[in-house]
Amino acid sequence: MIRDHVYTVSEVTELVKTALEAAFPQVWVEGEVSNCTRAASGHVYFSLKDDKSVLKAVLWKGDAQKLAFELKTGLNVVCRGRVTVYAARGDYQLSANLVEPKGKGALQLAFEQLKEKLKAEGLFDEKRKRKLPLRPRTIGVVTSPTGAAIRDILRVLERRYAKLHVILYPAKVQGEGAAAEIVAGLDALGNWPGIDVLIVGRGGGSIEDLWAFNEEPVARAIARSPVPVISAVGHEVDFTIADFVADVRASTPSAAAEMVIETEQAFAERIDAQTRRLGELLRFGLRGLRADVDELARNRIFQNFEVKLANLARRVDDLETRGRNVLRAERQAIAEQKGAALLAAERLGNVLRRTVGDHRAAWERLSAALNALSPLDVLKKGYTLVWKEGGLRLARRIEDVVPGETVEVTYFKGEFSARVESVDRKKPLESRFLKEGS
């Protein structure tokens, strides 16, 4: 600085910039992110604040692309960078080259952010999950061709069902470029003709080793797969994003192979169980039909017929009782009038003949009445019965028949089905006879 020298604004700004950047070539700053925006250029502009001050900051595009998580307002972070001056406005700012979430790892924060995002979109909903095929013929596997995962899967499938076809899409399962290869494998095998189900996964490892299965492109490739997907990442305790999106999650590749195909014995047992269930359903259905028949038998038309038969039988019993009483009285009269035995015998003979004749006449009348009441006798005369609902309900009135329905018409011998074309509920029977007579 030169004493009593008059500086321009630009000169002062340059002096401050030089001094400030020399004093803070690298500094760690902790604060809460606010006013975070991502420009079209890819640079991220934000501020760091505490309860007393605010410091503007920028994360240039190259460094922003390296972030595993999404930098957004409200996060508490620790930034590493240098203090610079933006000469155009005379502002000083932190030019950050590293940002880490405070108190939580970057990968863990990225995992939670992506999980919340995909959950809000409905990718974890159970209603979109598909069931595995009962008896797949071809299985697609996306994993490393040299890892333990593919060996475990093949060993289990061979033991359970040797005739199964397996198509392997070799892909990196960790490190740079792994997510892109996994996505390519899911898309390729998902559209491969004949593949019934996909297994994607690898053996266990740290969160860094498994990170490819926590990346958004892999999650979306699983979601858009046209066939069911089993996520088989060997991490039994924690879940990956792929586990949440997949139709089925298996704790290990071996478990995935066991899920995808049942043993032949288990399959046979399932068939036996279904056969038993079908038999029970048939028995239940027969019981229902039997109940319908019983209900039909209790129909009023048959009940009235039974009542009339019972009344006729009661009249026959009354006549027989009267005849016995007459015989008893006549025997008593014979016993009391021994002197008139011959006359009594003649009277008894007459009474017996008359009684038997009366009984025979009454019986014939009752038999004729019974035959007249029999539906079968009516049918013999050329009349018919009209049944509805497949023969389960009798149409007793013209109001019971509607156009368009199918009915069954029963004669004394034989029956036929007919479709009702039209119904005239007011036309009297006499009009048909008058028409035929004319």
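Source: prediction; values computed, not measured.

Looking now at the overall build of the chain. A tally of helices and strands in the chain yields 13 helices and 14 strands. Going through the 438 residues of the chain one by one, you find that 30% of them count as buried.

Glancing now at the pattern of salt bridges. One pass over the structure, following the stated rule, counts 12 salt bridges. Where Asp400 meets Arg397, a salt bridge forms, and the shortest distance between an N and an O atom there is 3.7 Å. Classification of Asp400 as buried rests on a relative accessible area of 15%. Given the relative accessible area of 53%, Arg397 is considered exposed. Connected via shared salt-bridge partners are Lys117, Glu121, Glu216 and Arg220.

Take the nonpolar core next. Grouped together as the largest cluster of nonpolar side chains are 52 residues, with contacts concentrated most on Phe46, Leu71, Val99, Ile182 and Ile222. Counting residues per element, this core draws most heavily on helix α5 (residues 178-190), at six residues.

On the basis of which strands lie adjacent, the closed barrel formed by five strands has the order β1-β2-β3-β5-β4 and mixed pairing. Here the average twist between neighbouring strands, direction ignored, is 50°. Looking at chain direction, strand β1 (residues 27-38) and strand β4 (residues 76-86) are connected through six bridges and run antiparallel. Each residue of the ladder has a partner; that of Gly31, found in β4, is Val77. Contacting β4 and β5 (91-101), helix α1 (residues 9-23) runs over the sheet at an angle of about 140° to β4.

Next up on the list: unusual backbone geometry. Even without being glycine, Asn35 reaches a positive phi, approximately 50°. Checked against the element boundaries, Asn35 lands in strand β1. On the basis of relative accessibility, which here comes to 60%, the residue Asn35 falls in the exposed class.

Strand pairing within a sheet occurs via backbone hydrogen bonds; the two strands may be parallel or antiparallel. Taken together, four strands build an open sheet; the order of strands is β12-β11-β13-β14 and the sheet is antiparallel. On the outer flanks of this sheet lie β12 (393-394) and β14 (415-419), each paired with one strand and no other. Relative to β12, strand β11 (residues 385-388) runs antiparallel, the two sharing two bridges. Residue pairing in the sheet places Trp387 in a bridge with Leu394 of β12.

It is the contact of helix α4 (residues 148-160) with helix α8 (residues 253-260), at a shortest axis distance of 8 Å, that shows an interaxial angle of 30°. Comparing the axis directions of α4 and α8 gives the class roughly parallel. α4 and α8 meet at a crossing whose hand is right-handed. Where α4 abuts α8, its residues Ala149, Asp152, Ile153, Arg155, Val156, Leu157, Arg159 and Arg160 lie against Pro253, Ser254, Ala257, Glu258 and Val260. Split into classes, the residues belonging to the contact of α4 with α8 amount to seven nonpolar, one polar and five charged.

Conventions and cut-offs
- Residues numbered from 1 in each chain as written.
- Predicted model: local features only at pLDDT ≥ 70, side-chain atom pairs only at ≥ 80, totals over all residues.
- Heavy atoms only, no water.
- Helix = DSSP H or I, 4+ residues; strand = E, 2+ residues; numbered from the N terminus.
- Buried < 20%, exposed > 50% of the residue type's maximum accessible area, 1.4 Å probe, protein only.
- Salt bridge = Lys/Arg side-chain N within 4 Å of Asp/Glu carboxyl O.
- Core = buried A, V, L, I, M, F, W, Y, C linked by side-chain atoms within 4.5 Å.
- Pairing = 2+ DSSP bridges.
- Axes fitted to C-alpha atoms, helices over the stretch in contact; angles between N-to-C directions.
- Contact = heavy atoms within 4.5 Å.
- Parallel < 35°, antiparallel > 145°, perpendicular 65-115°, else oblique.
- Left-handed = near helix turned anticlockwise from the far one by under 90°.
- Nonpolar A, V, L, I, M, F, W, Y, C, P; charged D, E, K, R; others polar.

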